[in-house]
Amino acid sequence: MSGAPVLEVRGLSKRFGGVAAVDGVDLAVAPGELLALIGPNGAGKSTCFNMLNGQLKPDGGTVTLLGRDVTGLPPRAIWQLGVGRTFQITATFGSMSVRENVQMALISHHRRAFSIFSPATALHRDRAEALLTQVDMGGQADRICGVLAYGDLKRVELAMALANDPKLLLMDEPTAGMAPRERTDLMALTARLARQRGIAVLFTEHDMDVVFGQADRVVVLDHGKLIAGGSPAEIRADARVQAVYLGTGAAGA
Ligand code: ADP
Ligand code: MG
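Parameters at a glance
Residues numbered from 1 in each chain as written. Chains lettered and ligands numbered in written order. Predicted model: local features only at pLDDT ≥ 70, side-chain atom pairs only at ≥ 80, totals over all residues. Heavy atoms only, no water. Helix = DSSP H or I, 4+ residues; strand = E, 2+ residues; numbered from the N terminus. Buried < 20%, exposed > 50% of the residue type's maximum accessible area, 1.4 Å probe, protein only. Contact = heavy atoms within 4.5 Å. Axes fitted to C-alpha atoms, helices over the stretch in contact; angles between N-to-C directions. Parallel < 35°, antiparallel > 145°, perpendicular 65-115°, else oblique. Left-handed = near helix turned anticlockwise from the far one by under 90°. Nonpolar A, V, L, I, M, F, W, Y, C, P; charged D, E, K, R; others polar. Pairing = 2+ DSSP bridges. Core = buried A, V, L, I, M, F, W, Y, C linked by side-chain atoms within 4.5 Å. Domains from an automatic or database assignment. Near = heavy atom within 4 Å. Polar contact = N/O pair within 3.5 Å; in protein donor to acceptor, adjacent residues only side chain to side chain. Areas by Shrake-Rupley, 256 points an atom, 1.4 Å probe, with all protein chains shown as cover.

**Concerning the environment of I144**
Here comes step 1: Looking at the element boundaries, I144 is found in the loop between helix 4 (125-134) and helix 5 (150-163).
Here comes step 2: Taking the relative accessible area as the measure of exposure, I144 reaches 36% and is therefore partly exposed.
Here comes step 3: When the C-alpha atoms of I144 and M96 are compared, they prove to be 5.4 Å apart, with 48 residues separating the residues in sequence.
Here comes step 4: I144 has contacts with G94, S95, M96 and S97, leaving out every residue within four places of it along the chain.

**Here we look at the packing of helix 5 against helix 6 (residues 180-197)**
Here comes step 1: As a packed pair, helix 5 and helix 6 sit with axes 10 Å apart at the nearest point and diverge in direction by 15°. Classified by the angle their axes make, helix 5 and helix 6 are roughly parallel. The crossing of helix 5 and helix 6 is right-handed. For the pair formed by helix 5 and helix 6, the contact residues are G151, K154, R155, L158 and L162 on the first element and E182, L186, L189, T190, L193 and R197 on the second.
Here comes step 2: By residue class, the composition of the contact of helix 5 with helix 6 is five nonpolar, two polar and four charged.

**Remarks on the sheet that holds strand 2 (residues 19-29)**
Here comes step 1: Reading across the sheet, the four strands line up as 2-1-4-5 and stay open at both edges, with antiparallel pairing between neighbours. Looking at strand neighbours, the two that pair on one side only are strand 2 and strand 5 (68-69), the edges of this open sheet.
Here comes step 2: Pairing of strand 1 (residues 7-16) with strand 2 involves eight bridges; the strand directions are antiparallel. Each bridged residue has a counterpart across the sheet, and for S13 the counterpart in strand 2 is D23.
Here comes step 3: Those strands touched by helix 1 (residues 45-52) are strand 1, strand 2 and strand 4 (60-65), and its axis lies near 120° from that of strand 1.

**Focus: the nonpolar core**
Here comes step 1: Formed by 44 residues in total, the largest nonpolar core has its most connected members in V102 and V135.
Here comes step 2: Viewed by domain, this core spans two of them, domain 1 (1-82 + 166-203 + 225-253) and domain 2 (96-165), each represented by three or more residues.
Here comes step 3: Core analysis: the second largest hydrophobic core is formed by 26 residues, V29, F49, V63 and V83 among them.

**Some remarks on the site of ligand 1**
Here comes step 1: Around ligand 1 sit F16, V19, A21, P40, N41, G42, A43, G44, K45, S46 and T47, and those are all the residues in its vicinity.
Here comes step 2: T47 has a polar side-chain atom sitting 2.6 Å from an oxygen atom of ligand 1.
Here comes step 3: Burial of ligand 1 by the surrounding chains reaches 56%, relative to a free accessible area of 560 Å².
Here comes step 4: At three residues, helix 1 tops the list of elements feeding residues into the shell around ligand 1.

Take a look at the structure:
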(Lines give C-alpha, C1' and ligand atoms only; values in the text may rest on other atoms or scores of the structure.)
(Ligands and ions follow the chains in the order given, each with its own letter.)
Protein backbone atom coordinates (compact mmCIF):
# COMPACT_ATOMS: atom_id res chain seq x y z
CA MET A 1 0.00 0.00 0.00
CA SER A 2 1.25 3.45 -0.88
CA GLY A 3 2.04 5.74 2.00
CA ALA A 4 1.02 8.82 0.02
CA PRO A 5 -1.65 10.69 1.96
CA VAL A 6 -5.30 10.22 1.10
CA LEU A 7 -6.11 13.61 2.57
CA GLU A 8 -3.77 16.57 2.75
CA VAL A 9 -4.84 19.88 4.25
CA ARG A 10 -2.73 23.04 4.09
CA GLY A 11 -3.42 26.35 5.80
CA LEU A 12 -7.13 25.63 6.19
CA SER A 13 -8.93 28.69 7.58
CA LYS A 14 -12.45 29.89 8.34
CA ARG A 15 -13.68 33.01 10.12
CA PHE A 16 -17.13 33.65 11.54
CA GLY A 17 -17.35 37.40 12.00
CA GLY A 18 -14.50 38.26 14.31
CA VAL A 19 -13.81 34.64 15.32
CA ALA A 20 -11.00 32.69 13.64
CA ALA A 21 -12.80 29.34 14.03
CA VAL A 22 -10.11 27.49 12.06
CA ASP A 23 -6.80 29.21 11.63
CA GLY A 24 -4.13 27.79 9.33
CA VAL A 25 -4.59 24.07 9.96
CA ASP A 26 -2.21 21.60 8.28
CA LEU A 27 -2.79 17.88 8.45
CA ALA A 28 -2.51 14.68 6.42
CA VAL A 29 -4.02 11.22 6.77
CA ALA A 30 -2.48 8.11 5.17
CA PRO A 31 -4.33 5.02 3.88
CA GLY A 32 -5.45 2.80 6.77
CA GLU A 33 -4.55 5.44 9.34
CA LEU A 34 -6.82 6.70 12.12
CA LEU A 35 -6.12 10.34 12.94
CA ALA A 36 -7.94 11.80 15.95
CA LEU A 37 -8.66 15.53 15.89
CA ILE A 38 -9.24 16.57 19.48
CA GLY A 39 -9.67 19.81 21.37
CA PRO A 40 -12.02 21.54 23.80
CA ASN A 41 -15.53 22.63 22.84
CA GLY A 42 -15.43 25.48 20.34
CA ALA A 43 -11.88 24.63 19.22
CA GLY A 44 -12.98 24.43 15.57
CA LYS A 45 -13.23 20.66 15.03
CA SER A 46 -16.69 20.62 13.43
CA THR A 47 -15.80 23.65 11.31
CA CYS A 48 -12.81 21.68 10.00
CA PHE A 49 -15.00 18.68 9.20
CA ASN A 50 -17.57 20.84 7.45
CA MET A 51 -14.90 22.32 5.21
CA LEU A 52 -13.59 18.84 4.40
CA ASN A 53 -17.02 17.41 3.56
CA GLY A 54 -17.97 20.42 1.41
CA GLN A 55 -20.64 21.93 3.64
CA LEU A 56 -18.58 25.05 4.33
CA LYS A 57 -16.29 26.87 1.93
CA PRO A 58 -12.87 27.67 3.41
CA ASP A 59 -11.69 31.29 3.54
CA GLY A 60 -8.16 30.09 2.93
CA GLY A 61 -6.02 27.02 2.43
CA THR A 62 -6.27 23.91 0.30
CA VAL A 63 -7.82 20.46 0.64
CA THR A 64 -6.22 17.74 -1.49
CA LEU A 65 -7.81 14.32 -1.87
CA LEU A 66 -5.71 11.59 -3.50
CA GLY A 67 -3.59 14.26 -5.14
CA ARG A 68 -6.55 16.23 -6.45
CA ASP A 69 -7.47 19.75 -5.29
CA VAL A 70 -11.03 19.54 -3.95
CA THR A 71 -11.06 22.84 -2.06
CA GLY A 72 -14.55 24.37 -2.01
CA LEU A 73 -16.27 21.55 -3.92
CA PRO A 74 -19.89 20.91 -2.84
CA PRO A 75 -20.79 17.92 -0.62
CA ARG A 76 -22.06 15.68 -3.41
CA ALA A 77 -18.88 16.11 -5.46
CA ILE A 78 -16.78 15.31 -2.39
CA TRP A 79 -18.87 12.20 -1.70
CA GLN A 80 -18.52 11.08 -5.32
CA LEU A 81 -14.74 11.25 -4.96
CA GLY A 82 -14.90 8.71 -2.15
CA VAL A 83 -15.36 10.64 1.08
CA GLY A 84 -17.78 8.98 3.49
CA ARG A 85 -19.04 10.35 6.73
CA THR A 86 -21.05 9.24 9.66
CA PHE A 87 -23.45 11.63 11.27
CA GLN A 88 -24.00 12.81 14.79
CA ILE A 89 -27.69 12.35 14.02
CA THR A 90 -28.26 8.91 12.58
CA ALA A 91 -29.10 8.82 8.89
CA THR A 92 -30.92 5.48 8.64
CA PHE A 93 -34.53 5.00 7.59
CA GLY A 94 -36.29 3.79 10.72
CA SER A 95 -39.14 2.04 8.91
CA MET A 96 -36.83 -0.08 6.72
CA SER A 97 -34.91 -3.16 7.72
CA VAL A 98 -31.21 -3.12 8.47
CA ARG A 99 -30.51 -4.97 5.21
CA GLU A 100 -32.67 -2.59 3.16
CA ASN A 101 -30.82 0.41 4.53
CA VAL A 102 -27.48 -1.03 3.44
CA GLN A 103 -28.97 -2.04 0.07
CA MET A 104 -30.08 1.57 -0.45
CA ALA A 105 -26.56 2.77 0.24
CA LEU A 106 -25.15 0.22 -2.22
CA ILE A 107 -27.64 1.24 -4.90
CA SER A 108 -26.70 4.89 -4.63
CA HIS A 109 -23.00 3.99 -4.74
CA HIS A 110 -23.39 1.81 -7.84
CA ARG A 111 -25.45 4.45 -9.56
CA ARG A 112 -22.58 6.86 -9.34
CA ALA A 113 -19.78 4.38 -9.96
CA PHE A 114 -21.18 2.05 -12.58
CA SER A 115 -24.24 3.84 -13.93
CA ILE A 116 -26.62 1.67 -15.96
CA PHE A 117 -24.07 -1.09 -16.45
CA SER A 118 -24.53 -2.32 -12.92
CA PRO A 119 -26.92 -5.26 -12.65
CA ALA A 120 -29.61 -4.32 -10.16
CA THR A 121 -30.56 -7.96 -9.67
CA ALA A 122 -31.28 -8.87 -6.07
CA LEU A 123 -30.55 -5.26 -5.27
CA HIS A 124 -27.10 -6.06 -3.87
CA ARG A 125 -28.57 -8.36 -1.27
CA ASP A 126 -25.47 -10.54 -0.90
CA ARG A 127 -23.14 -7.57 -0.72
CA ALA A 128 -25.37 -5.95 1.91
CA GLU A 129 -25.24 -9.14 3.96
CA ALA A 130 -21.45 -9.26 3.66
CA LEU A 131 -21.14 -5.67 4.86
CA LEU A 132 -23.49 -6.34 7.76
CA THR A 133 -21.42 -9.37 8.75
CA GLN A 134 -18.32 -7.20 8.75
CA VAL A 135 -19.88 -4.81 11.26
CA ASP A 136 -21.16 -7.74 13.37
CA MET A 137 -24.78 -7.11 12.40
CA GLY A 138 -25.21 -10.21 10.24
CA GLY A 139 -27.80 -11.70 12.58
CA GLN A 140 -29.97 -8.58 12.60
CA ALA A 141 -30.43 -7.94 8.87
CA ASP A 142 -34.21 -8.43 8.98
CA ARG A 143 -34.87 -6.17 11.94
CA ILE A 144 -36.42 -2.75 11.41
CA CYS A 145 -33.85 0.01 12.02
CA GLY A 146 -36.29 1.94 14.20
CA VAL A 147 -36.14 -0.70 16.94
CA LEU A 148 -32.35 -1.10 17.12
CA ALA A 149 -30.25 -0.15 20.10
CA TYR A 150 -28.26 3.02 19.47
CA GLY A 151 -24.91 1.25 19.25
CA ASP A 152 -26.31 -1.20 16.69
CA LEU A 153 -27.69 1.67 14.61
CA LYS A 154 -24.22 3.20 14.55
CA ARG A 155 -22.82 -0.03 13.14
CA VAL A 156 -25.48 -0.04 10.42
CA GLU A 157 -24.42 3.50 9.58
CA LEU A 158 -20.84 2.34 9.35
CA ALA A 159 -21.88 -0.43 6.93
CA MET A 160 -23.75 2.19 4.88
CA ALA A 161 -20.68 4.40 4.76
CA LEU A 162 -18.58 1.39 3.66
CA ALA A 163 -21.10 0.63 0.89
CA ASN A 164 -19.77 3.72 -0.87
CA ASP A 165 -16.26 2.21 -0.90
CA PRO A 166 -14.78 5.33 0.70
CA LYS A 167 -11.11 6.28 0.57
CA LEU A 168 -11.60 8.67 3.49
CA LEU A 169 -14.07 8.51 6.37
CA LEU A 170 -14.92 11.70 8.25
CA MET A 171 -16.40 11.00 11.68
CA ASP A 172 -17.36 14.00 13.80
CA GLU A 173 -18.17 12.64 17.26
CA PRO A 174 -19.34 9.26 15.94
CA THR A 175 -19.81 7.90 19.45
CA ALA A 176 -21.80 10.83 20.89
CA GLY A 177 -24.57 9.51 23.14
CA MET A 178 -23.03 6.05 23.50
CA ALA A 179 -21.97 4.25 26.66
CA PRO A 180 -18.19 4.05 27.24
CA ARG A 181 -17.85 0.40 26.27
CA GLU A 182 -19.91 0.87 23.12
CA ARG A 183 -17.65 3.79 22.16
CA THR A 184 -14.54 1.65 22.39
CA ASP A 185 -16.23 -1.18 20.46
CA LEU A 186 -17.38 1.09 17.62
CA MET A 187 -13.99 2.74 17.17
CA ALA A 188 -12.12 -0.57 17.46
CA LEU A 189 -14.38 -1.95 14.73
CA THR A 190 -13.82 1.16 12.62
CA ALA A 191 -10.07 0.83 13.11
CA ARG A 192 -10.05 -2.84 12.12
CA LEU A 193 -12.06 -2.25 8.94
CA ALA A 194 -10.12 0.89 8.00
CA ARG A 195 -6.81 -0.98 8.27
CA GLN A 196 -8.10 -3.95 6.28
CA ARG A 197 -9.38 -1.73 3.48
CA GLY A 198 -6.76 1.01 3.57
CA ILE A 199 -9.34 3.68 4.40
CA ALA A 200 -8.03 6.90 5.94
CA VAL A 201 -10.11 7.97 8.96
CA LEU A 202 -10.32 11.40 10.57
CA PHE A 203 -12.42 11.44 13.74
CA THR A 204 -13.24 13.51 16.79
CA GLU A 205 -13.93 11.96 20.15
CA HIS A 206 -14.31 13.32 23.66
CA ASP A 207 -13.50 10.08 25.45
CA MET A 208 -9.71 10.12 25.87
CA ASP A 209 -9.58 6.37 26.54
CA VAL A 210 -11.02 5.84 23.05
CA VAL A 211 -8.69 8.42 21.49
CA PHE A 212 -5.53 7.05 23.07
CA GLY A 213 -6.62 3.44 22.60
CA GLN A 214 -7.66 3.57 18.94
CA ALA A 215 -5.95 6.45 17.13
CA ASP A 216 -2.66 5.95 15.31
CA ARG A 217 -1.95 9.65 15.64
CA VAL A 218 -3.55 12.60 17.39
CA VAL A 219 -3.65 16.31 16.52
CA VAL A 220 -4.88 18.89 19.01
CA LEU A 221 -6.84 21.98 18.07
CA ASP A 222 -7.29 24.97 20.38
CA HIS A 223 -8.91 28.25 19.32
CA GLY A 224 -8.67 27.20 15.69
CA LYS A 225 -4.93 26.42 15.74
CA LEU A 226 -3.16 23.08 15.94
CA ILE A 227 -1.07 23.15 19.10
CA ALA A 228 0.31 19.59 19.06
CA GLY A 229 0.49 16.45 16.99
CA GLY A 230 1.99 13.02 17.58
CA SER A 231 1.45 9.48 18.78
CA PRO A 232 -1.12 8.90 21.54
CA ALA A 233 1.74 8.50 24.03
CA GLU A 234 3.35 11.77 22.95
CA ILE A 235 0.07 13.67 23.14
CA ARG A 236 -0.78 12.24 26.53
CA ALA A 237 2.56 13.50 27.85
CA ASP A 238 2.38 16.93 26.16
CA ALA A 239 2.29 19.76 28.70
CA ARG A 240 0.48 22.16 26.37
CA VAL A 241 -2.25 19.61 25.73
CA GLN A 242 -2.63 18.94 29.43
CA ALA A 243 -2.89 22.68 30.07
CA VAL A 244 -5.65 23.10 27.49
CA TYR A 245 -7.63 20.20 28.92
CA LEU A 246 -7.05 21.08 32.54
CA GLY A 247 -7.79 24.73 31.83
CA THR A 248 -4.77 25.97 33.76
CA GLY A 249 -3.87 28.41 30.98
CA ALA A 250 -0.23 27.37 31.38
CA ALA A 251 0.04 26.75 27.64
CA GLY A 252 0.80 30.39 27.02
CA ALA A 253 -2.77 31.49 26.37
P1 ADP B 1 -15.92 22.28 17.98
O2 ADP B 1 -16.54 21.36 16.98
O3 ADP B 1 -14.45 22.04 18.18
O4 ADP B 1 -16.64 22.29 19.29
P5 ADP B 1 -16.84 24.39 16.21
O6 ADP B 1 -16.14 24.18 14.93
O7 ADP B 1 -18.25 23.96 16.29
O8 ADP B 1 -16.00 23.78 17.41
O9 ADP B 1 -16.80 25.96 16.56
C10 ADP B 1 -15.60 26.74 16.46
C11 ADP B 1 -15.93 28.21 16.72
O12 ADP B 1 -16.68 28.71 15.62
C13 ADP B 1 -16.77 28.48 17.95
O14 ADP B 1 -16.35 29.71 18.50
C15 ADP B 1 -18.17 28.55 17.40
O16 ADP B 1 -18.99 29.36 18.23
C17 ADP B 1 -17.94 29.20 16.05
N18 ADP B 1 -18.92 28.80 15.04
C19 ADP B 1 -19.12 27.54 14.55
N20 ADP B 1 -20.05 27.52 13.59
C21 ADP B 1 -20.47 28.80 13.46
C22 ADP B 1 -21.44 29.46 12.62
N23 ADP B 1 -22.13 28.76 11.71
N24 ADP B 1 -21.61 30.78 12.75
C25 ADP B 1 -20.88 31.48 13.64
N26 ADP B 1 -19.96 30.95 14.45
C27 ADP B 1 -19.75 29.63 14.37
MG1 MG C 1 -18.06 19.93 17.14
